[in-house]
Amino acid sequence: MSSPKPFQTFCQWWWGQLRAKWLLYIVLAITTLTLCVTFQSPISRTAQAFVRGPVAYSGLTARLNQLSSLANQAWANQLELLAQQAEAMNFTVPEHFRGKTIRSVPLPSGRKVIALTFDDGPLDPYTNDILYILENNDVKATFFLIGRSVQAFPNRAKHIQMKGHALANHSWSHPYAQQSPAGAAAQIDNTDTWIKQTTGFTPTLFRPPGGILNNGMAGYAAQKGQVVVMWSADSKDYYASAPNIIKRVMAEASPGGIVLFHDGGGNRSQTVLALPFIIKQLREQGYEFVTVPELLKLYEEEVKAINAAKAAETAKAAEAVQASPPAQPPPTLGY
Ligand SMILES: [Zn+2]
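Residues numbered from 1 in each chain as written. Predicted model: local features only at pLDDT ≥ 70, side-chain atom pairs only at ≥ 80, totals over all residues. Heavy atoms only, no water.

### Looking at the coordination of the zinc ion
Here comes step 1: Looking at the metal site, the zinc ion is ligated by Asp 120 (OD), His 170 (NE2) and His 174 (NE2), spaced 2.0 to 2.1 Å from it.
Here comes step 2: Counting residues between consecutive donors of the zinc ion along the chain gives the motif D-x49-H-x3-H. Here His 174 lies in the loop between strand 4 (166–169) and helix 8 (181–199) and Asp 120 lies in strand 2 (residues 113–121), a separation of 54 residues in the sequence. (Donors = N, O, S within 2.8 Å, 3.2 Å for Na, K, Ca; no water. Helix = DSSP H or I, 4+ residues; strand = E, 2+ residues; numbered from the N terminus.)

Following this line, the structure appears as structure tokens:
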């Protein structure tokens, strides 16, 4: 008996592999890979060619045009998003509150809203720490900025705005002494100008340094149409320890309340330490966090709704009186 020829042996092996199917899978994989490489997105190939340096092949210009159109679309989307954000951050205040002084604004419905406010910043690391905590807890707050600190740390002021918090005026250099009319105007106007130049936003709220209402600045701000914002809960974080800050805020929190904290003006590490606990505990008590402009808008909306309901009721009553038939004599049993 003669031994099988080598070709015959190979053919038998090949057939065996095919029957075992694994070779078939390899062929399928190679085909898929070749198809992927051949038909991969022209955009990604163009981009790769572009970053690797000049490459000459037909159709490059057409693909670059495609790339540019995609890039333009992406930028247009980004601009649209920024415009929407700017719209959402339009922290104007209702006319009714302009020139007034507020300490808290309880809503007629009793809804548990509260406004956290931070004074004397921006000052790192505290402002940045606080922004990080607020973002991670999905809380929006109001920052009363010192004009000269905005001038010193413009990027942090922009950062506050970017994260959707309300910006407000807390004077240029935080003076307590009596101001001349020109001095008060300079303290407030320069700060407004710097905030506007840095963020594009003109403040509508003013908080007097030290809460002093009679040294000329609050009067000037009110005359200018700004809302003078005081507070209903004082964390006393300028001297208290974190546990005491927490205790104090929880004791003084109220629906429609405005809570005073500081992110600038000194070491604010105790504020940073206390803040996550305060947010958690207030939330557990059912509080929603709002900015001061939002608080004022909510109040305005609720009052308008109440007035509209009252007006509708009065109109309905008037209509009912008109529509009712004249009084009839009582029916008699006539038999
Ligand atoms: Zn202050």
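### A short note on unusual backbone geometry
With the exception of glycine, most residues fall at negative phi, and the peptide bonds are largely trans.
Here comes step 1: Of note, the bond from Gly 121 into Pro 122 is cis; its omega dihedral lies within 30 degrees of zero at 0°.
Here comes step 2: Along the chain, Pro 122 falls in the loop between strand 2 and helix 5 (126–136).
Here comes step 3: Phi angles above zero are rare outside glycine, and Asp 120 is one such case at about 75°.
Here comes step 4: For His 174, which is not glycine, the phi dihedral falls at a positive 60°.

### Quick notes on the packing of aromatic side chains
Here comes step 1: This model, assessed by the stated rule, comprises seven aromatic pairs.
Here comes step 2: Ring plane angle 55° and centroid distance 6.5 Å describe the contact between Trp 172 and Trp 194, whose orientation is recorded as tilted. Residue Trp 172 is found in the loop between strand 4 and helix 8, and its partner Trp 194 is found in helix 8; the two are separated by 22 residues along the sequence.
Here comes step 3: Residue classification places Trp 172 among the buried positions, given a relative accessible area of 18%.
Here comes step 4: A connected cluster of aromatic rings, assembled from ring pairs, spans Phe 118, Phe 143 and Phe 261.
Here comes step 5: A cation over an aromatic ring shows up here: Lys 112 above the ring of Tyr 287, its NZ or CZ 4.7 Å from the ring centre. (Phe/Tyr/Trp six-rings, centres within 6.5 Å; stacked < 30°, edge-to-face > 60°. Buried < 20%, exposed > 50% of the residue type's maximum accessible area, 1.4 Å probe, protein only. Lys NZ or Arg CZ within 6 Å of the ring centre and 35° of its normal.)

### Points about a nonpolar patch on the surface
Here comes step 1: On the surface, a nonpolar cluster with roughly 1300 Å² of combined accessible area is contributed by Phe 7, Phe 10, Trp 13, Trp 14, Trp 15, Leu 18, Trp 22, Leu 24, Tyr 25, Ile 26, Leu 28 and Ile 30.
Here comes step 2: Looking at the secondary structure, you find Ile 26 in helix 2 (residues 22–39). (Patch = residues over 30% accessible without salt bridge, like charges linked within 9 Å, V, L, I, M, F, W, Y side chains within 5 Å. Areas by Shrake-Rupley, 256 points an atom, 1.4 Å probe, with all protein chains shown as cover. Salt bridge = Lys/Arg side-chain N within 4 Å of Asp/Glu carboxyl O.)

### Re the pattern of salt bridges
Here comes step 1: A complete count under the given rule lists eight salt bridges for this structure.
Here comes step 2: Ionic pairing is found between Glu 288 and Arg 111, a salt bridge with its closest N-O pair at 2.8 Å. One end of the pair, Glu 288, is in strand 9 (residues 288–289); the other, Arg 111, is in the loop between strand 1 (101–102) and strand 2, and 177 residues separate them in sequence.
Here comes step 3: Residue class for Glu 288 comes out partly exposed when judged on its relative accessible area of 33%.
Here comes step 4: The shortest N-O distance in the salt bridge between Lys 280 and Glu 284 comes to 3.3 Å. In this pair, Lys 280 and Glu 284 both sit in helix 11 (residues 269–284), four residues apart, roughly one turn of the helix.
Here comes step 5: Given the relative accessible area of 53%, Lys 280 is considered exposed.
Here comes step 6: According to the relative accessible area criterion, Glu 284 is exposed, its value standing at 58%.

### Structural notes on the environment of Ile 146
Here comes step 1: Here Ile 146 lies in the loop between strand 3 (142–145) and helix 6 (147–152).
Here comes step 2: Between the C-alpha atom of Ile 146 and that of Asp 192, which follows or precedes it by 46 residues, the distance is 9.9 Å.
Here comes step 3: Not counting residues up to four positions away in its chain, the partners in contact with Ile 146 are Asp 120, Gly 121, His 170, Ser 171, Trp 172, Ser 173 and His 174. (Contact = heavy atoms within 4.5 Å.)

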